[in-house]
Amino acid sequence: GYIGSHICVELLGQGYDVTVMDNLANSNEKALRRVEEITGKKLRFYEADIRDRSAYDEIFSQNEIYGVIHMAGLKAVGESVRKPLAYFDNNVSGTIVLLEKMKEHHIKRIIFSSSATVYDLTQGECLTEKSPIGNSTSPYGRTKLVIEQMLADLYHSDARWSIVMLRYFNPIGAHVSGRIGEDPNGEPNNLMPYITQVAVGKREKLNIFGNDYDTPDGTCIRDYIHVMDLAGGHSKAVRKLEEQGLFIYNLGTGQPQSVLAVVHAFEKANGLKINYAIAPRRAGDAPKYYANADKAKTELNWEAERGIEDMCRDSWNWQKNNPEGYR
Ligand code: WQD
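Worth saying up front: this structure is predicted, and the values here are computed from it rather than measured.

### Concerning the nonpolar core
Here comes step 1: The biggest cluster of nonpolar side chains holds 36 residues, and the ones touching the most others in it are Leu 43, Val 164, Leu 166 and Leu 251.
Here comes step 2: If you list the elements that add at least two residues to this core, you get helix H1 (2-13), helix H2 (29-39), strand S6 (162-168), helix H8 (227-240), strand S11 (245-251) and helix H10 (294-300).
Here comes step 3: Among the elements that make up this core, the one with the highest residue count is H1 (seven residues).

### Some details on empty space enclosed by the protein
Take a probe with the size of a water molecule and roll it over the atoms, and the empty space left behind shows itself.
Here comes step 1: For the structure shown, the criterion picks out one cavity of 30 Å³ or more.
Here comes step 2: The computed volume of the largest cavity comes to approximately 40 Å³.
Here comes step 3: The set of elements that each furnish at least two residues to the lining of the largest cavity consists of helix H5 (84-104) and helix H6 (139-157).
Here comes step 4: In terms of residue class, the lining of the largest cavity is made up of four nonpolar, four polar and one charged.

### Some points on the packing of H1 against H8
Here comes step 1: Put simply, H1 and H8 touch, their axes get as near as 8 Å, and they point 60° apart. The angle between H1 and H8 places the two elements in the oblique class. H8 is crossed by H1, and the crossing has right-handed handedness. Each of Tyr 2, Ile 3, His 6, Ile 7, Val 9, Glu 10 and Leu 11 in H1 lies in contact with H8, whose residues at this interface are Val 227, Met 228, Leu 230, Ala 231, Gly 232, His 234, Ser 235 and Val 238.

### Some remarks on the pairing of S6
Here comes step 1: Here S6 lies mainly inside the structure; seven of its seven residues are buried.
Here comes step 2: Judged by which residues are buried, S6 turns out to be covered on both faces: Ser 162, Val 164, Leu 166 and Tyr 168 on one side and Ile 163, Met 165 and Arg 167 on the other are all buried.
Here comes step 3: Looking at chain direction, strand S4 (residues 109-115) and S6 are connected through seven bridges and run parallel. Bridge pairing in S6 links Ser 114 to Arg 167.
Here comes step 4: Taken together, the seven bridges between S6 and S11 define a ladder with parallel strand orientation. Note on S11: the bridge partner recorded for Leu 166 is Tyr 249.

### Here's the deal with the site of the ligand
Here comes step 1: Taken together, 21 residues surround the ligand, and among them Tyr 140, Leu 191, Asn 207, Arg 222 and Asp 285 come closest.
Here comes step 2: The side chain of Ser 115 places a nitrogen or oxygen atom 3.0 Å from an oxygen atom of the ligand.
Here comes step 3: Within the backbone of Asn 207, an N or O atom sits 2.8 Å from a nitrogen atom of the ligand.
Here comes step 4: Bound to the protein, the ligand loses 92% of the 690 Å² it would expose on its own.
Here comes step 5: Contributing elements (two or more residues each) for the shell around the ligand: helix H7 (191-199) and strand S8 (206-209).
Here comes step 6: For the shell around the ligand, the residue count by class is 11 nonpolar, six polar and four charged.

Each value, and the rule that gives it
Residues numbered from 1 in each chain as written. Predicted model: local features only at pLDDT ≥ 70, side-chain atom pairs only at ≥ 80, totals over all residues. Heavy atoms only, no water. Core = buried A, V, L, I, M, F, W, Y, C linked by side-chain atoms within 4.5 Å. Buried < 20%, exposed > 50% of the residue type's maximum accessible area, 1.4 Å probe, protein only. Helix = DSSP H or I, 4+ residues; strand = E, 2+ residues; numbered from the N terminus. 1 Å grid on protein atoms, 1.4 Å probe; cavity = no way out; pocket = protein on both sides within 12 Å on 5 of 7 lines; lining within 4 Å. Points joined across faces, edges and corners; volume = space filled by probe spheres on them. Nonpolar A, V, L, I, M, F, W, Y, C, P; charged D, E, K, R; others polar. Axes fitted to C-alpha atoms, helices over the stretch in contact; angles between N-to-C directions. Parallel < 35°, antiparallel > 145°, perpendicular 65-115°, else oblique. Left-handed = near helix turned anticlockwise from the far one by under 90°. Contact = heavy atoms within 4.5 Å. Pairing = 2+ DSSP bridges. Near = heavy atom within 4 Å. Polar contact = N/O pair within 3.5 Å; in protein donor to acceptor, adjacent residues only side chain to side chain. Areas by Shrake-Rupley, 256 points an atom, 1.4 Å probe, with all protein chains shown as cover.

Written out as C-alpha cells, the structure is:
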C-alpha cells in the first residue's frame, strides 16, 4: 500500500531484508516492483490475506522473520460506517490471526500502524500519548482502538513481547523519485489525493468540507506528515524492537495546517491553481487536532524533517508522472 511501499524503500535503504504479505485489496503489486527499482534491492512478496492461517506457516517457515510491521487494515472512515462487520473482521480478527501465528512461530516483535483517530478528539487539540483515547467517531477508529487494547493485554500476558504502536497523523507526500505514491481506489476520501487529482485534471474541483469551524480561516486543522518521514519513524521503531516492552508514539510534525493552508501551499509549491468550492461540513470531522511528537524525538531519536512545501511538491511529482496511479 501507500505507506507500506514507502516503508519498504526506507528499510531496504537501511540494509534490512524485507518480506511483504499483502492481499492487494487496496494496493498494486507494481508498487513493489517500483520499490525494487528505486532501491536496487529485491524484496520477497506473498499475495495473501491477513486472515489466511496457512499463509503464515509458509511465510514464517520460508523466511527468518525478526519482526512484523502490521499495516494491513481497511482505512476508509466513511466505508467503515457502511460496513462495520467487514472492518472488524479484517482489522480486528485479522490481527488476532496474525498475532496467534506469530506466537506459534516464536516471533514476538511487532510494530502496529495505529492512528490519531484513537484519541478522544473532543478533549484536546495538541495530543500527547497520554491524551484521553476513545469516543471514536467511526468503526474504523474503533477497530484501531480495540487492536491497541488487544496488544496491551497481550503484552501484560507475556512480557517477552516487543510491541510498538505508532499513531499516525495525516500522511501525505511521496518518495522524491515520483515512482511510488498514493493511489486510492475510486474517488479519494483524503484531502491530498483529491487535490492532486484536481491538479492533474481527473476531478473538476475540490470540495472543502466546511469553512465555518472555530479556526483562523474556518477550515479544519490537521497535522500533515511526509510519508517518508513516517517511514523514517518506522525504521527507528524497528530499532526499538530490540527492547521488550509496550511502546506508544505519535508520528506527526507538530505543525498544524488548515485545509486552505494546504491548498495554498500546494498552489505555491507547484505554481498552479486549484479549483475549489466550499461545501457542507463532513460528518465526523473534528475542527482541530495535531501531534505533540516530543516522545518519539526523545525515545526514538526521530523527528519529521520535511515541511508542507516538500509534501505538496512530492505529492504533485508523483501524480503528474502517474496520472492514473499504478494502473
Ligand atoms: C483532512 C481534512 C476534511 C477531503 C483520516 C482518517 C485518519 C487517516 C487520515 C487512515 C478534513 C478535509 C478532505 C476533501 C476536504 N486515515 N477534506 N475535502 O479526516 O483528518 O483523517 O484520514 O489512517 O485515520 O481519520 O483526513 O484527508 O480525509 O481530511 O475538505 O475532499 O481535509 O474535512 O478537514 P482526516 P482527510
